[in-house]
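Reading the structure
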Amino acid sequence: MSEERTKLEIIAPSVEEAVEKGLRDLGLTEDDVDIEVLDEGKKGLLGLGSRQARIALKIKGASKKKDKAEKNQELVKTREVLPEEVDESKKMGAEPEEVSIARETINIILEKMRVTADVSVRLGESDDNRVQPVLIDIEGKDLSFLIGRKAETINALQFVTSLIVGRELGRWVPLQIDVQHYRQRREDELRKLARRIADQVVSTGRKQALEPMPPNERRIVHIELRDNPDVETESVGEDPKRKVTVRLK
Amino acid sequence: MKGDNLQELVEFVAQSLVDQPANVNVEKQQRGNMVQLELHVAKEDMGRVIGKGGRVANSIRTLLNVAAAREGSRANLDIVEPS
């Protein structure tokens, strides 16, 4: 494979968004690529002198992907021996394969965990990217144990499910699991928090740091304050202690 | 039998993630309400079930603990390197 085909440059408002966009476009995970930051970008004042972030993704071991795809074919075959779940929407046909694979995977995991719940799987909006995320909604009675402390359980469930679905498909797809609309509620909460902190920063003039958060939650804060004319945000520290700081522009 | 679904949970996830699903084996020992599971995979597949920084293994343990708690037991998962 030529150098050009294994390297991709992406430009986006921030490094984090650029990486996320690049991985989506390539259909790969962070483990599959080397990330090189070419330009961290600059926010600028009132949109003046701002510069977008620029990164390069280099694909590690370019032949690996093909092997994976072949092997996944075998896995899919072994999987078909398992008893099929009866599912109304499955009979409709013409369903994207990532949706049916995701449904099958989550149903098996929940069944092994002895969880009874309503599961719905669909493709989400493709957020100016080509890859549409797979959205899994789990609803039912007393499911808070599936969310866990600091979303630990729901994140573990989402991580394992997305790994399995990615392998079955032979390509990575963004996948999000929600339980009892927890993520929506959390997003609303974070947006509110972000605006409150921004107000405090403006009135005191002092920089503030939020609690450490996972990447998806930091992203919500960055986006919420992106168009705020008075403050700017930056993530500092290393995961899992990485946190958003808010300061005056 | 109690704990069988926990064993199946680990088995399903491991088999779905490795290159050699036929070499996945989960052994179970039960002591009172403690379920001890040992996951054996091919040497080449160790990285796939452990993950970067143990992320895959820890996620499997999180799901396992939640599933065990639901039936009033406790579970422990060891991933055993083939000798």
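Residues numbered from 1 in each chain as written. Chains lettered and ligands numbered in written order. Predicted model: local features only at pLDDT ≥ 70, side-chain atom pairs only at ≥ 80, totals over all residues. Heavy atoms only, no water.

**Examining the overall build of chain B**
Each helix and strand in chain B was counted, giving 3 helices and 3 strands. Secondary structure elements of chain B occur, N-terminal to C-terminal, as α-β-β-α-α-β. Looking at the 83 residues of chain B, the share that counts as buried comes to 46%. Pairs at least 24 apart in sequence give 59% of the contacts found in chain B among residues at least 6 apart. (Helix = DSSP H or I, 4+ residues; strand = E, 2+ residues; numbered from the N terminus. Buried < 20%, exposed > 50% of the residue type's maximum accessible area, 1.4 Å probe, protein only. Contact = heavy atoms within 4.5 Å.)

**Thoughts on the pattern of salt bridges**
By the definition in use, this model includes 18 salt bridges over all chains. Residue Arg 191 of chain A pairs with Glu 187 of chain A through a salt bridge whose shortest N-O separation is 2.5 Å. In this pair, Arg 191 of chain A and Glu 187 of chain A both sit in helix α5 (residues 182-204), 4 residues apart, roughly one turn of the helix. Residue classification places Arg 191 of chain A among the partly exposed positions, given a relative accessible area of 27%. The network of salt bridges with common partners includes Arg 167 of chain A together with Asp 19, Asp 45 and Arg 48 of chain B. (Salt bridge = Lys/Arg side-chain N within 4 Å of Asp/Glu carboxyl O.)

**Focus on the sheet that holds strand β7 (residues 208-212) of chain A**
Residues and elements named next belong to chain A. Spatially, β7-β9-β8 is the arrangement adopted by the 3 strands of the open sheet, whose pairing is antiparallel. Of all strands in the sheet, those bounded by a partner on one side alone are β7 and β8 (231-236). Going across the sheet, the axis of each strand differs from the next one's by a mean of 20 degrees, ignoring polarity. Alignment of β7 against strand β9 (residues 243-248), held across 3 bridges, turns out to be antiparallel. Bridge assignment links Gln 208 to a residue of β9, and that residue is Val 246. Across the sheet, α5 lies against β7, β8 and β9, angled at about 40 degrees from β9, the strand it touches most. Helix α6 (residues 215-225) rests against β7, β8 and β9 of the sheet, and its axis sits at about 160 degrees to β8. (Pairing = 2+ DSSP bridges. Axes fitted to C-alpha atoms, helices over the stretch in contact; angles between N-to-C directions.)

**Some details on the interface of chain A and chain B**
With 21 residues of chain A at the interface, the matching set in chain B holds 22 residues. With both chains or domains summed, chain A and chain B bury close to 2,200 Å², and 69% of this area falls on carbon and sulfur atoms. Looking at the side of chain A facing chain B, the largest losses of area belong to Lys 112, Met 113 and Phe 159 of chain A, adding up to 28% of the total buried there. Our enumeration of links across chain A and chain B arrives at 2 salt bridges. Residue Asp 19 of chain B pairs with Arg 167 of chain A through a salt bridge whose shortest N-O separation is 3.2 Å. Remark: the boundary between chain A and chain B carries 6 residue pairs in polar contact (both at pLDDT 80 or more). Contributing elements (two or more residues each) for the side of chain A that touches chain B: α2 (64-79), α3 (97-112) and α4 (152-169) of chain A. (Buried area = accessible area lost by both parts, 1.4 Å probe. Polar contact = N/O pair within 3.5 Å; in protein donor to acceptor, adjacent residues only side chain to side chain.)

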